[in-house]
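Close look at the chain arrangement
Single-letter residue listing:
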Amino acid sequence: MTASLGFADLILINGRIYTVEPSRPWAEALAIKNGHILAVGNRADIEVLKGPETRVVDLAGKMAMPGFIDVHNHIMMGGQAELFETQIPAGASIEAICAHVRSQVEIVPQGQWIVGNQWGADMITAINSEASLEKLDEASLGHPVLLRDETMHNRWVNSEAMRLAGISNNQPDPPQGSFGRDPVTGRLTGLLVESASGIVERTAAEAFTEEMGEAAVARAIEVVNSYGVTAFQDAASVLPILKALKNLDVKGKLTAWAVTSLPLIEPSFMFGLSGDALLALRDEYRTEHVKPNFTKIFLDGVPGARTAAFHDAYVADAAHPHGYRGEVLVSYPDLVRQIDKSEKLGMGLKIHCAGDYSVTEMLDAVEAVRHFNGPTDIKHHIAHASYLRDEDISRFAALGVVADLCPMIWYPTTFLEGHKEVMGEERATRFWPIASMKATGALLAGGSDWPVIPIPDPWNGIEGMVTRQNPSGAFPGVSLWAEQAINLASAIEIYTLNSAKAMRLDGETGSLVAGKFADIIVLDQNVFEVPADQIADTKVLTTYFAGEPVYQR
């Protein structure tokens, strides 16, 4: 073995190493050379690869496994939230939100924007009143304020922010969005739904520099590494994100694989170069670890704001016509054309579909493209694949479409409470049929949607998939569609090898086998030996990227 393989640079011994490889799921030692896994096996086999310069790490019986692969995050937004924005306490009331804003304006220079995350998706009704806006205005002491909801699709802003953005009471709603208006007076409340959010985001972003963007992404990489993430897919990659990722990789500071998703159509609540102009630049930003291999479309919005598209109507309210089901943002013929365009460029399409109608429309469009283009190994992702008609569940596997899951947000939370309000409890709680999809052979991949969720820790999502309960202890005793629970091994595979396959990185990473990069995490407990409700307590002790430690607790 020594003669054929040469000596290792690093050897991990005396561990419980979970490989996520069916042929050999467990090993006790592993050798690394030139950033790649040289061999996996028992201690005696691996120690013969020890040379005079080989470093040896004794795992002392601790569990190691492949690094996590997050198929859906927003890397720059995550870093911005860490470095430049304030975080609203979870479950905050109108009064608590305003008190938090007041505490921030008292410590920053006059006129500085206050940007905060995230008010609850169940707060839309409470926010949408002139009385609530008056409280926010009073708390802000003249500063412009922009507060994002936990879906990141909607905003609450104060009167000064609307003034700076040129929003007035006689202004009509923008396409694919709306301004919140008091149900009694009809006057603006500062609630901005979907594309209306982008109007103020553009104004607030005028002070955001390229250097700040790179700092935000660098911080975000540190954060995801600390949770064991060694590869991710940014889910809506506008030009500043591409620039930051490339710059970091050129400097040797990008310690994770980065797959990007270039918007084919400008996202309604974001902004920036999109479509053909952005696609033409993609290879300029391709590096060893940055892979601009996907496109992106938002096909609908979010259920809590009634902007997701469903087959069945929302609960009746005064602001929408009777029988309102939401709307898709792209016509079916255009969707077919965009899928076809992506495939001709060799790119997969990641598409946001929060309602079951939008999922059906995407599957129909893929089926039409398959009819004309024939088979392909290009992977299209439906994010978030959460509300599905029974008849659509089996179509994912049949069409080779990936279910991009974000299980950190689907267990019982304020998200779900917001859904219940607008959909009714029975429909709202038939949420994320993971076991049913898995049974059909669909490729299920795991994402966080960070910073929609405040902490991108995959163990929270993994415990939720196993228990169908909220790991934090919130909503105690409440299970969400318990029949859709899956086992721990399957949940880990979703967040490692499956995500690598979805991102077309499985030749490089996702499992621990000779030849792949040594992207490995060491844990403080063996997750297969603890009760299911303690899985989310797991901490990453060390994260290795290409054989080098990039995080140590």
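Every value quoted in this text rests on a predicted model; they were computed, and no experiment measured them.

**Notes on the packing of helix H4 (residues 94-105) against helix H6 (residues 130-140)**
Following both chains from N to C, one finds H4 and H6 inclined at 20°, their axes separated by 8 Å at the closest point. When the axes of H4 and H6 are compared, the pair comes out roughly parallel. You can see that H4 and H6 cross each other, and the crossing is right-handed. Residues Ile 94, Glu 95, Cys 98, Val 101, Arg 102 and Val 105 of H4 pack against Ser 132, Lys 135, Leu 136, Glu 138, Ala 139 and Ser 140 of H6.

**A word on the nonpolar core**
Counting 101 residues, the largest nonpolar core has Met 362, Ile 382, Phe 396 and Ile 462 as its most contacted members. In contact with Ile 382, other than residues within four places in its own chain, are Ile 351, Cys 353, Val 359, Met 362, Leu 363, Phe 396, Val 401, Val 402, Ala 403 and Asp 404. With 21 residues, the next largest nonpolar core counts Ala 92, Val 101, Leu 147 and Val 302 among its residues.

**Structural notes on the sheet that holds strand S1 (residues 10-13)**
Ordered in space as S5-S4-S1-S6, the four strands form an open sheet in which the pairing is mixed. Two strands bound the open sheet, and with one partner strand each, they are strand S5 (36-41) and strand S6 (55-58). Neighbour-to-neighbour, the strand axes of this sheet turn through a mean angle of 15°, independent of strand direction. In this sheet, S6 lies alongside S1 in parallel orientation, the contact comprising four bridges.

**Thoughts on the environment of Met 77**
Its location among the elements puts Met 77 in helix H3 (residues 75-83). On the basis of relative accessibility, which here comes to 18%, the residue Met 77 falls in the buried class. In the structure, Met 77 is positioned 301 residues away from Ile 378 in sequence and 27 Å away in space, judged by C-alpha atoms. For Met 77, the contacting residues outside a window of four places in its chain are Met 152 and Pro 451.

**Some points on the packing of aromatic side chains**
For the structure on display, the rule yields 13 aromatic pairs. Taking 6.3 Å as the distance between ring centres and 80° as the angle between the ring planes, the aromatic pair formed by Phe 68 and Tyr 495 counts as edge-to-face. In this pair, Phe 68 sits in strand S8 (residues 68-73) while Tyr 495 sits in the loop between helix H20 (488-494) and helix H21 (497-502), placing the two residues 427 residues apart along the sequence. Residues Phe 68 and Tyr 495 agree in their burial class; the two are buried. Three or more aromatic residues joined by ring pairs make a cluster, and in this case those are Phe 310, Tyr 314, Tyr 324, Tyr 387, Phe 431 and Trp 432. One cation-aromatic arrangement involves Lys 296 over Phe 298; the distance from NZ or CZ to the ring centre is 4.1 Å.

**A short note on the pattern of salt bridges**
One pass over the full model with this rule turns up 29 salt bridges. Arg 55 serves as the salt-bridge partner of Glu 548, at 4.0 Å between the closest nitrogen and oxygen. Residue Glu 548 is found in strand S24 (residues 548-552), and its partner Arg 55 is found in strand S6; the two are separated by 493 residues along the sequence. For Arg 55, a relative accessible area of 39% gives the class partly exposed. Where salt bridges share partners, they join Asp 364, Glu 367, Arg 389, Glu 391, Asp 392 and Arg 395 into one cluster.

**Considering the packing of H3 against helix H9 (residues 210-226)**
It is the contact of H3 with H9, at a shortest axis distance of 7 Å, that shows an interaxial angle of 95°. Put simply, H3 runs roughly perpendicular to H9. Seen from H3, the contacting residues are Ile 75, Met 76, Gly 79, Gln 80, Glu 82 and Leu 83; seen from H9, they are Gly 213, Ala 215, Ala 216, Val 217, Arg 219, Ala 220, Ile 221, Val 223 and Val 224. In terms of residue class, the contact of H3 with H9 is built from 10 nonpolar, three polar and two charged.

**Structural notes on the side chain of Asp 149**
Note that Asp 149 resides in strand S11 (residues 145-149). Buried charge Asp 149 goes without a salt bridge, the closest partner of opposite sign being Arg 155 at 4.8 Å. Of the polar contacts made by the side chain of Asp 149, one reaches the backbone nitrogen of Met 152; its length is 2.9 Å. In this structure Asp 149 touches Gln 118, Trp 119 and Asn 154, once residues within four positions along its chain are discounted.

**Observations regarding H6**
In an α-helix there are 3.6 residues to a turn, and that puts residues three or four apart on one side. Those residues of H6 lying buried are Ser 132, Leu 133, Leu 136, Ala 139 and Ser 140. Across the axial projection of H6, the buried residues extend over an arc of 125°, all falling on one side. Exposed side of H6, more than 90 degrees from the buried face: Glu 134 and Glu 138 are the residues found there. Where H6 is buried, its residues contact H4, helix H5 (124-127), S11, strand S12 (154-157), helix H7 (159-165) and strand S14 (188-194). Of the residues flanking the end of H6, it is Leu 141, one or two places downstream, whose phi is positive at about 50°.

**Description of unusual backbone geometry**
With omega at -5°, the peptide bond leading from Asn 117 into Gln 118 counts as cis. Looking at the element boundaries, Gln 118 is found in strand S10 (residues 114-119). Following Ala 383, the chain continues to His 384 via a peptide bond in cis, the omega torsion being 25°. The topology assignment puts His 384 in strand S19 (residues 380-384). The phi torsion at Val 20 lies on the positive side, around 60°, for a residue other than glycine. Tracing the backbone through its elements, the reader meets Val 20 in the loop between strand S2 (16-18) and strand S3 (26-27). Under the relative-accessibility criterion, Val 20 is labelled buried at 8%. Backbone geometry at Phe 475 places phi at a positive 55°, although glycine is not the residue there. Among the secondary structure elements, Phe 475 is positioned in the loop between helix H19 (458-467) and H20. Residue Phe 475 is classed as partly exposed on the basis of its relative accessible area of 28%.

**Thoughts on the pairing of S24**
In this sheet, S24 lies alongside strand S23 (residues 540-545) in antiparallel orientation, the contact comprising four bridges. In the sheet register, Tyr 544 faces S24, and the bridge partner there is Pro 549. Connecting S23 to the antiparallel partner S24 that follows it, the hairpin turn spans two residues, and Ala 546 within it adopts a positive phi of roughly 50°.

**What to know about empty space enclosed by the protein**
Overall, the coordinates contain two cavities of 30 Å³ or more when judged by the stated rule. Computed from the structure, the largest cavity encloses a volume of approximately 270 Å³. Val 302, His 352, His 384, Ile 409 and Asp 449 are the residues nearest the centre of the largest cavity, which is lined by 24 residues in total. Contributing elements (two or more residues each) for the lining of the largest cavity: strand S17 (290-298) and helix H16 (414-423).

Basis of the calculations
Residues numbered from 1 in each chain as written. Predicted model: local features only at pLDDT ≥ 70, side-chain atom pairs only at ≥ 80, totals over all residues. Heavy atoms only, no water. Axes fitted to C-alpha atoms, helices over the stretch in contact; angles between N-to-C directions. Helix = DSSP H or I, 4+ residues; strand = E, 2+ residues; numbered from the N terminus. Parallel < 35°, antiparallel > 145°, perpendicular 65-115°, else oblique. Left-handed = near helix turned anticlockwise from the far one by under 90°. Contact = heavy atoms within 4.5 Å. Core = buried A, V, L, I, M, F, W, Y, C linked by side-chain atoms within 4.5 Å. Buried < 20%, exposed > 50% of the residue type's maximum accessible area, 1.4 Å probe, protein only. Pairing = 2+ DSSP bridges. Phe/Tyr/Trp six-rings, centres within 6.5 Å; stacked < 30°, edge-to-face > 60°. Lys NZ or Arg CZ within 6 Å of the ring centre and 35° of its normal. Salt bridge = Lys/Arg side-chain N within 4 Å of Asp/Glu carboxyl O. Nonpolar A, V, L, I, M, F, W, Y, C, P; charged D, E, K, R; others polar. Lys, Arg positive; Asp, Glu negative; His and termini not counted. Polar contact = N/O pair within 3.5 Å; in protein donor to acceptor, adjacent residues only side chain to side chain. Arc of directions from axis to C-beta. 1 Å grid on protein atoms, 1.4 Å probe; cavity = no way out; pocket = protein on both sides within 12 Å on 5 of 7 lines; lining within 4 Å. Points joined across faces, edges and corners; volume = space filled by probe spheres on them.

By themselves, these observations are geometric and do not establish any function.
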